[in-house]
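# Notes for the structure review
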Amino acid sequence: MTPKQRLYDILGRNTAEALSKRDFEAYYACDKAAALKKALELIDNGSSITWGGSASIDEIGLCEALSAGDYDVIDRSGALTEEEKKAVYRKAFTVDWYLGSANAISADGIIVNIDGTGNRVAAMMYGPDNVLLIIGANKIEPDEDSALIRARNIAAPVNAARFGIDTPCQKTGRCMDCLHEKCICSYVTLTRKCKPAGRIKVIIVGEDIGF
Ligand code: SF4
């Protein structure tokens, strides 16, 4: 085990334990393969599933495995028009599972997300009975303040660049606290407890995944 893997192992296990105290159903997986195995154990065959924009679920191979398996996958990339996209976003409230990640997490288990239109965080907060978040240990920050800083100064500019969204942070590399029409931080959420208990499942992965 490299020094970095050892650090992620300690941080990942401790953060999973902190999440459990906040009523999340939390797991630690040492690598992407273990995270994929755990995710597929949790999701029953035949489940209806959709997801928000997340590199993490893609990077562990979950989207591919579900699309190839015995599941009812509603993939938003198939929606071409704005109306079709809106319909998929609304459907995300009634599927069996909603998948995603976080933009940052504090070591004591507070999950931070930013969202331009709010569809993703809304589904996480009051959508399906089961939400599964795959979070790389690279997103663990010492506390809530530093997690917010990460979300707006690392996750936001990288995601804006990834999707070609012309936000000020994409040009400067740091949050300019904008009110730009394409701002991807219209909604900045802190999820500090899971209610009802166990609805949100979290797998912390001991590798660099996502942004
Ligand atoms: S500049 Fe705007 S879009 Fe970029 S991180 Fe700050 S608030 Fe979000």
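Everything numeric in this text was worked out from a predicted model, so none of it was measured.

## Focus on the site of the ligand
Lining the immediate surroundings of the ligand are 13 residues, of which Ala 156, Cys 169, Cys 175, Cys 178 and Cys 185 lie closest. Looking at the shell around the ligand, the elements that each hand over two or more residues are helix H7 (144–162) and helix H8 (168–172). Across the shell around the ligand, the residue classes tally to 9 nonpolar, 2 polar and 2 charged.

## A closer look at helix H2 (residues 32–42)
Among the residues of H2, Lys 32, Ala 35, Leu 36 and Ala 39 are the ones counted as buried. For H2, the angular spread of the buried residues around the axis is 100 degrees, confining them to a single face. Where H2 is buried, its residues meet strand S1 (25–29), helix H3 (55–59), helix H4 (62–68), strand S7 (130–136) and strand S10 (200–205).

## Examining the nonpolar core
Core analysis: the biggest nonpolar cluster contains 59 residues, and Tyr 98, Ile 105, Val 112, Ile 134, Val 202, Ile 203 and Val 205 have the highest contact counts within it. The element best represented in this core is H7, accounting for 7 residues. Among residues more than four places away in sequence, those in contact with Ile 203 are Tyr 27, Ala 29, Ala 35, Lys 38, Ala 39 and Ile 134.

## With respect to the sheet that holds strand S5 (residues 104–106)
The sheet built from 4 strands is open, its strands ordered S8-S5-S6-S9 with mixed pairing. This sheet does not close on itself; its edge strands, each paired only once, are strand S8 (140–141) and strand S9 (187–191). The sheet contact formed by S5 and strand S6 (residues 111–115) spans 2 bridges and is antiparallel. Within the sheet, the bridge partner assigned to Ala 104 lies in S6 and is Val 112.

Calculation rules
- Residues numbered from 1 in each chain as written.
- Predicted model: local features only at pLDDT ≥ 70, side-chain atom pairs only at ≥ 80, totals over all residues.
- Near = placed C-beta within 6 Å.
- Helix = DSSP H or I, 4+ residues; strand = E, 2+ residues; numbered from the N terminus.
- Nonpolar A, V, L, I, M, F, W, Y, C, P; charged D, E, K, R; others polar.
- Buried ≥ 20, exposed ≤ 12 C-beta atoms within 10 Å, placed from the backbone.
- Arc of directions from axis to C-beta.
- Contact = placed C-beta atoms within 7 Å.
- Core = buried A, V, L, I, M, F, W, Y, C linked by C-beta atoms within 7 Å.
- Pairing = 2+ DSSP bridges.

Geometric descriptors of this kind do not, in isolation, establish any biological role.
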